[in-house]
Amino acid sequence: MKRYADFILRYRLAVITLVLLVTGIMAYFAREIEINADVMSYLPEEDESASLFRRIGETYGGNEMMIVGLESDNVFDHGMLNTIKQFTDSIRATEGIGYVTSLTNVIDIRGSDFGIEIGRLIDEYDIPEDKHELLRIKEYTLSKDMYRGNLVSGDGTATLVIGKILPGVNRTGVVERAREKIESIGFEGSVYYGGMPVTMLELNNIILKDIRFIIPLTFIVISLVLLAGFRSLKGVLLPMVTVLIAITWTLGTVSLLGYEITLLTNIIPVILIAVGSAYAIHVVNAVMAEMHSFPADAVKKAVSYIVLPVILASVTTMFGFLSFIAGSYLTMIREFGVFSAMGILFSLLLSVSFVPAVLSFSGPGKNKSGRKKTAGPSPLKLNAAMLSKKLPRRITPAIWALVAIISISGIARIERRADIIDYFRDDNIVKQGEELLNEKFHGSSPLYLQVKGDVQSPEVLSAMREAQEYMEGYSYIPYSQSVADLIMQMNDVMGEGPIIPVDRAKIAQLWFLLDGQEIMEQHVNYELDEGVVHAYVTSSKLDVLREIDEKFNEYTRLKSSDEYQLTLTGVPVMLKSLDDSIIRSQAYSLAIALALVVVMTSLLLGSFRYGLMAILPIAVTLLVLFGTMGLAGIPLDIATVLSGSVTIGIGIDYSVHFISRFGEGQKQGLSRGGSISRAIQTSGRAILINMIAVTAGFAMLTLSELVPLQRFGILIAVTMLTAGLATLTLLPLMLYGKKSDDNNSN
Amino acid sequence: MKPAAVTFKKAATKGIFKALLTLTVFAASIHCSGGLKAEDAAEILRRMDEVLFAARDQTSSVTMILTDRNGNERVREASVWQKGTDKRLFRFTAPAAEAGIAFLSLPDDVMYLYMPAYGRERRIATHVKNQSFAGTDFSYEDLEAANYSKRYEASLKGMDNGNYILSLKPLEGTRSDYSEIIVTVNSEHYYPLKMRSLDRGGQDYKIAEYNFVEKDGYWTTREITMTNLKREHTTRMIFDKIEFDTGLDDDIFTVRNLTRY
């Protein structure tokens, strides 16, 4: 390590120049970074169900629907129908919108004694004013499955205007333009928004907001905490500059490798500010402690003992993040793991090269505060000492045991959530739109049944219909639609009843009438060898989704034949896979992270016993983490699932630094008690400051509009406090051991 | 000095060009305001109607080639009989599964559909003219054999290569899916060359390009290519075996004849 310190000092100018040069290049690339809010793209490509879901959404237009909901006392009112027409026209006139479906322009085909009447449900040029006529229209509309629950709610108080966005255009841009137009219409009722493009636009805006607002705020808050802790500008500036450089490098790399910012990688800067700053802080702290000599000497001395624990701490944190690669279903979780680890690596590299290189240029002994704090009795020191030694020795373990028991009781209560809609706060338009769709319409989670086979054959159409009846027999699936329904309706109109004709020629001729209708593009492909049954699930409860997945997959397996093959996919299926992966990720990543931490700390501290000791505070913290989730009703979701491994990664820093300081003391011939006091005075102080800084930093995530990030912020804040306190109270006790041990070793 | 001279020359050329342009525009505007007024626009449209509906009757066979945005093609064939502006029989002949399907249009928006597999006709009341006809990019409105001058108000927008450019806007009471149709009319024979339809939001919606030929003293459509810009879908209608004034019997345009297949 001394040779390394010499090396850094000799090439300090080159190190600084190189860092600044790389930062300039990376900043250039980081500027080009783009946001990817397309939730579909987070699904893994290799998963068959996910790729089928994505393909069906793209081929049959399901992902391109912009849904606008209008709610008032009564939809079937002259003024209200005029408003619906205005909404319809505004959306239709938006560039990028292909066609619009609403009550005022939907086609109505009915068979009558007269023949076939092809008309509009409501004449948009002549919207009726007569009450009786309006009532007749209402009754007719609500009597038809095609409209009730699809275009108008069963109680006649809400209606939907659905715009199909053209392929190949910027979907979020279209939604923005349409919303602007809609909002200029004076409508007194409530307006809701739904559909994948709307969700994407919202996520995009939230991610941008988080980047512009939360990241700078975290930066300021942590800087203030550090300033209060170190009372030295240098102690704050250098770590924060280091973190900024690390963030630039990370974002530059993300951009350079062709990746985009997702709703998870969006928090990497916050993590780096909170966690990555610690490495630089430890180095600055150590150098300051040695500042009574010349800067170069102080740097050399400090670097020689601080680099190893900093490397060990950051490598364990990196493994904590890398452990997400195993078992994660969403590609964005994997990306988050890899890029966070990369950011940590950059922070580490900078902390052990750039930071000492810069410090070596600072004047000798100027930093009074640094010296004062390590030498004199600081309040921090007293606090720490009280926590560990002055409390009766049995009380500390007793308190932690109690905390552990309470936590364990909470663990069983942990809920799981996988639904995308839970990402949004209750006041978010996407969430409100979702609620409207679930309460008053046929639901918002699409379920697709792909049917491969000749869609014009009576057998395939009958199989579709049969599958639909099976689906609709399930209480959470109120409605389904396919080309078979259209054929049945047309057959009825031709006077032969609502059934699938057994004569293939009849089907072909009915088809001729439907050909070219926009709705056909949502049901069958051009080659006519694939069709899709569209259904919706009104529940996002995991046990419901699991049952649907199991029952329907069994059904499709049994029913598929040589003539046609059925495959189920859709949001419920994705959510089930996502939930499975969340549990799997949690188990894998915790096991991997814990095992790695034991190995690393054992190696660092040269003792397996110390390694085990080091993870005790972490183990307690994990109990508190999961206990908090259970007791506070915070579910395991795509973000909170990360908190366990992040806790291990960050929490281990505390143990490693504390134990290594203790070991340092032992090497210097101090007694156990003396070594512990020394560790508390030096590492303890750094731990406390870091604990407060990280807690405050992650607490800023509660300001995010994405619920999982809020929860993640709260959890990490709670666990960092726990980890810090557990390290400062439990480790001294364990390291001190029984009185007899201490006597013997002395 | 040389470069300055060049610059001067360029500026001069530019100036001359500008002056010429102004003159042309001026001349054109005189031409418009003096030679061709609003009533002339109506006259041009009336003459176009005359060309479109000149023959007493007409029979032809038509091939429809439908192309979607991925380049997939589908071909349909039909025979067409038309008498005057309000009687028309459209009978599909290919592909085999669709052969025999027929539409009979009679005066006052009366329309019958016949499907041989069902063996009987059904009367269709279509209040919605913007529906695609037989999967093509033509709507019932596009195929309507009704005079444009009765449904649209024309104004002259200018000239293009010596042809008139008219802007047609639906008259009060006309139900159209289009807010405007911009039609290029051949100034010599008054047949349409191109129609660009705008949707009710004022955006480009459909473009039809016409190929007219002279046959038996009539200017008649040989081919129409209709593109629906929103659907990114194109239909080519190619007319063949065209015959005029063969004295088609009214019996052809009856329900009895419709079901005789």
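Here is what the cut-offs are and how they apply
- Residues numbered from 1 in each chain as written.
- Chains lettered and ligands numbered in written order.
- Predicted model: local features only at pLDDT ≥ 70, side-chain atom pairs only at ≥ 80, totals over all residues.
- Helix = DSSP H or I, 4+ residues; strand = E, 2+ residues; numbered from the N terminus.
- Buried ≥ 20, exposed ≤ 12 C-beta atoms within 10 Å, placed from the backbone.
- Contact = placed C-beta atoms within 7 Å.
- Pairing = 2+ DSSP bridges.
- Axes fitted to C-alpha atoms, helices over the stretch in contact; angles between N-to-C directions.
- pLDDT = per-residue confidence, 0-100.
- Nonpolar A, V, L, I, M, F, W, Y, C, P; charged D, E, K, R; others polar.
- Domains from an automatic or database assignment.
- Core = buried A, V, L, I, M, F, W, Y, C linked by C-beta atoms within 7 Å.
- Parallel < 35°, antiparallel > 145°, perpendicular 65-115°, else oblique.
- Left-handed = near helix turned anticlockwise from the far one by under 90°.
- Expected span 1.5 Å × (residues − 1).
- Arc of directions from axis to C-beta.

Q: Any chance you could break down the overall build of chain B for me, citing the residues and the numbers?
A: In terms of helices and strands, chain B carries five helices and 13 strands. Expressed as a percentage of its 261 residues, the buried residues of chain B come to 26%. Excluding contacts between residues fewer than 6 apart, the proportion of contacts in chain B whose partners are at least 24 apart in sequence is 42%.

Q: Give a detailed account of the overall build of chain A, specifying residues and quantitative values.
A: When you go through chain A residue by residue, the secondary structure sums to 25 helices and 10 strands. Burial analysis of chain A (746 residues in total) assigns 53% to the buried set.

Q: Can you break down the pairing of strand S4 (residues 116–120) of chain A residue by residue, with the values?
A: With five bridges connecting them, strand S3 (residues 107–111) of chain A and S4 of chain A associate as antiparallel partners. Residue pairing in the sheet places Asp 108 of chain A in a bridge with Gly 119 of chain A of S4 of chain A. Sheet analysis places S4 of chain A next to strand S6 (residues 120–126) of chain B, joined by three bridges and oriented parallel. Within S6 of chain B, the residue paired with Glu 117 of chain A across the bridge is Ala 125 of chain B.

Q: Mind laying out the sheet that holds strand S9 (residues 530–537) of chain A, listing which residues take part and the relevant values?
A: Residue and element names in this part refer to chain A. Strand order in the open sheet formed by four strands is S8-S9-S7-S10, with antiparallel pairing between adjacent strands. Of all strands in the sheet, those with a lone pairing partner are strand S8 (480–481) and strand S10 (565–570), marking the two edges. Both strand S7 (residues 445–452) and S9 contribute to a ladder of eight bridges, which runs antiparallel. Counted as the bridge partner of Tyr 448 is His 534 from S9. Along the sheet, helix H16 (residues 458–472) contacts S7, S8, S9 and S10; its crossing angle with S9, the most-contacted strand, is approximately 10°.

Q: How would you explain the confidence of the model for chain B if you had to name every residue and give the values?
A: Residues and elements named next belong to chain B. The pLDDT averaged across chain B works out to 82; a share of 84% of its residues lies at or above 70. Between residues 1–35, whose pLDDT stays under 50, and residues either more than four places distant or in other chains, the model counts four contacts. Confidence metrics for the complex model read pTM 0.76 and ipTM 0.77.

Q: Quick rundown of the interface of chain B and chain A? Include the residues and the values.
A: Taken together, the 27 residues of chain B in the interface contact 27 residues of chain A. Within the residue set of the side of chain B that touches chain A, elements represented by two or more residues are strand S5 (110–115) and S6 of chain B. Counting residues per element, the side of chain B that touches chain A draws most heavily on S6 of chain B, which supplies five residues. Residue composition of the side of chain B that touches chain A, grouped by class: 10 nonpolar, 10 polar and seven charged.

Q: Please provide a residue-by-residue account of the domain arrangement of chain A, values included.
A: Along its sequence, chain A is organised into domain 1 (1–32 + 231–367), domain 2 (48–200), domain 3 (377–412 + 607–746) and domain 4 (444–575). The distance between the C-alpha centroids of domain 1 of chain A and domain 4 of chain A comes to 56 Å.

Q: Explain the environment of Ser 184 of chain A residue by residue, including any values.
A: Residue and element names in this part refer to chain A. Within the secondary structure, Ser 184 is located in the loop between helix H6 (171–183) and strand S6 (190–194). The class of Ser 184 is exposed, set by 8 C-beta atoms lying within 10 Å. Spatially, the C-alpha atom of Ser 184 lies 9.8 Å from that of Ser 90, the residues being 94 residues apart in sequence.

Q: I'd like a description of the pairing of strand S5 (residues 158–165) of chain A, backed by residues and values.
A: Residues and elements named next belong to chain A. The buried count for S5 comes to eight of eight residues, which makes it a mostly enclosed element. Going residue by residue along S5, you find Ala 158, Leu 160, Ile 162 and Lys 164 tucked away on one face and Thr 159, Val 161, Gly 163 and Ile 165 tucked away on the opposite face as well. Strand direction decides the pairing type here: strand S1 (residues 65–71) and S5, joined by seven bridges, are antiparallel. Its bridge partner lying in S5, Met 65 is registered against Lys 164.

Q: Pulling in residues and values, what's your account of the sheet that holds S5 of chain A?
A: Residue and element names in this part refer to chain A. Taken together, four strands build an open sheet; the order of strands is S2-S5-S1-S6 and the sheet is antiparallel. Only two strands of the sheet have a single neighbouring strand rather than two, namely strand S2 (97–101) and S6. Adjacent strand axes in the sheet meet at a mean angle of 20°, parallel and antiparallel pairs treated alike. Sheet strands touched by helix H4 (residues 78–92): S1, S2 and S5. Its angle to S5, the strand with the most contacts, is close to 15°.

Q: Help me get a handle on the nonpolar core, residues and values and all.
A: Within the largest apolar cluster, 285 residues are counted, with the highest numbers of intra-cluster contacts made by Val 283, Val 287 and Ile 487 of chain A together with Leu 166 of chain B. Element by element, the count of residues in this core is highest for helix H9 (residues 268–289) of chain A, at 17 residues. Residues contacting Val 283 of chain A, with those up to four places away along its chain left out, are Ile 306, Val 310, Ser 351, Val 352, Val 355 and Pro 356 of chain A.

Q: An account of unusual backbone geometry is needed here, citing residue identities and associated values.
A: In this model, Ala 94 of chain B is joined to Pro 95 of chain B through a cis peptide bond whose omega is 0°. With respect to the helices and strands, Pro 95 of chain B occurs in the loop between strand S3 (87–94) and strand S4 (102–106). Positive phi values are uncommon outside glycine, yet Leu 528 of chain A reaches one of about 60°. Residue placement: Leu 528 of chain A occurs in the loop between helix H18 (504–514) and S9. Even without being a glycine, Asp 245 of chain B presents a positive backbone phi close to 45°. Along the chain, Asp 245 of chain B falls in the loop between strand S13 (233–244) and helix H5 (255–258).

Q: Lay out the environment of Lys 551 of chain A in plain terms, naming residues and giving numbers.
A: Structurally, the position occupied by Lys 551 of chain A is in helix H19 (residues 542–559). Placed 84 residues apart in sequence, Lys 551 of chain A and Ala 467 of chain A show a C-alpha to C-alpha distance of 12 Å.

Q: Residues and numbers for the packing of helix H10 (residues 295–322) of chain A against helix H22 (residues 643–667) of chain A, please.
A: Residues and elements named next belong to chain A. Here H10 crosses H22 at 160°, and the two axes come no closer than 8 Å. When the axis of H10 is compared with that of H22, the two are roughly antiparallel. Crossing of H10 against H22: the hand is right-handed. Across the interface between the two elements, Tyr 305, Pro 309, Leu 312, Ala 313, Thr 316, Thr 317, Gly 320 and Phe 321 of H10 pack against Ser 645, Val 646, Ile 648, Gly 649, Ile 650, Ile 652, Asp 653, Val 656, His 657, Ser 660 and Glu 664 of H22. Residues of the contact of H10 with H22, tallied by class, amount to 10 nonpolar, seven polar and two charged.

Q: If you had to explain helix H8 (residues 233–256) of chain A to someone new, which residues and values would you point to?
A: Between its first and last C-alpha atoms H8 of chain A spans 34 Å; for 24 residues at 1.5 Å apiece the expected length is 34 Å, and the two agree. Looking one or two residues beyond H8 of chain A, the residue adopting positive phi is Gly 258 of chain A, at roughly 85°.

Q: Residue-level account of the environment of Asn 150 of chain A, with values.
A: All names here are of chain A. You can see Asn 150 is positioned in the loop between helix H5 (131–143) and S5. What makes Asn 150 partly exposed here is the crowd of 19 C-beta atoms within 10 Å. Expressed as a C-alpha distance, the spacing of Asn 150 and Ser 102, which sit 48 residues apart in the sequence, is 9.8 Å.

Q: Tell me what's going on with the packing of H19 of chain A against helix H20 (residues 571–605) of chain A, and back it up with residues and numbers.
A: Residues and elements named next belong to chain A. At a closest axis distance of 9 Å, the pairing of H19 and H20 adopts a crossing angle of 110°. Relative to H20, H19 is oriented roughly perpendicular. Handedness of the H19/H20 crossing: left-handed. In this structure, H19 contributes Leu 542, Leu 545, Arg 546, Ile 548 and Asp 549 to the contact, and H20 contributes Pro 572, Val 573, Leu 575, Lys 576 and Asp 579. Of the residues assigned to the contact of H19 with H20, the class counts are six nonpolar, no polar and four charged.

Q: Give a description of the confidence of the model for chain A that names residues and reports values.
A: All names here are of chain A. Mean pLDDT over chain A works out to 84, with 94% of the residues at or above the 70 mark. H16 holds the highest mean pLDDT among the elements of chain A, 95, whereas helix H12 (residues 368–375) holds the lowest, 40. Here residues 739–746 is a poorly scored stretch, pLDDT under 50, and it has six contacts once near neighbours within four places are set aside; other chains count.

Q: Account for helix H3 (residues 48–59) of chain A, with residues named and values stated.
A: Residue and element names in this part refer to chain A. If you check H3, its first and last C-alpha atoms are 16 Å apart, about what 12 residues at 1.5 Å a residue would give, namely 16 Å. Ala 50, Phe 53, Ile 56 and Gly 57 are the residues of H3 that are buried. Across the axial projection of H3, the buried residues extend over an arc of 130°, all falling on one side. Looking one or two places after H3, you find Gly 61, whose phi comes out positive at around 80°.

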